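Chain by chain, the residues:
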Amino acid sequence: VICAQLIKHGIDRNTPAAMVERGTTTKQKVYTGTVETLPDIIRTAKVTAPTLIIIGSVVSLREKLAWYQEDDPD
């Protein structure tokens, strides 16, 4: 619904988008795509709450700003 409404109100369907599931915990997972592909990612990966949705060019900075790595033993 969120993605459909964003597209309906003028956001480019190819705008980068990400979801951070269980952020800042050892169970954190990050999913990236576009506003158009986010709904399929949610269904396929079975993303659950709590999840933060991030939309816009900032998503492309993920690799540069990755202070938390999923494979980090700490």
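Note that the structure is a prediction, hence the values are computed from the model and not measured.

### Focus on the overall build of the protein
Piece 1. A count of helical and extended segments in the protein gives three helices and three strands.
Piece 2. When its helices and strands are written in sequence order, the protein yields α-β-β-α-β-α.
Piece 3. By sequence separation, contacts in the protein at least 24 residues apart represent 53% of the contacts at least 6 residues apart.
Piece 4. A total of about 5500 Å² of accessible surface is found on the protein, and carbon and sulfur atoms cover 56% of it.

### Brief notes about the nonpolar core
Piece 1. Counting eight residues, the largest nonpolar core consists of C3, A17, M19, Y31, V35, L38, I41 and V47.
Piece 2. Going through the elements one at a time, β1 (16-21) and α2 (38-45) are the ones with two or more residues in this core.

The rules we used
- Residues numbered from 1 in each chain as written.
- Predicted model: local features only at pLDDT ≥ 70, side-chain atom pairs only at ≥ 80, totals over all residues.
- Heavy atoms only, no water.
- Helix = DSSP H or I, 4+ residues; strand = E, 2+ residues; numbered from the N terminus.
- Contact = heavy atoms within 4.5 Å.
- Areas by Shrake-Rupley, 256 points an atom, 1.4 Å probe, with all protein chains shown as cover.
- Core = buried A, V, L, I, M, F, W, Y, C linked by side-chain atoms within 4.5 Å.
- Buried < 20%, exposed > 50% of the residue type's maximum accessible area, 1.4 Å probe, protein only.

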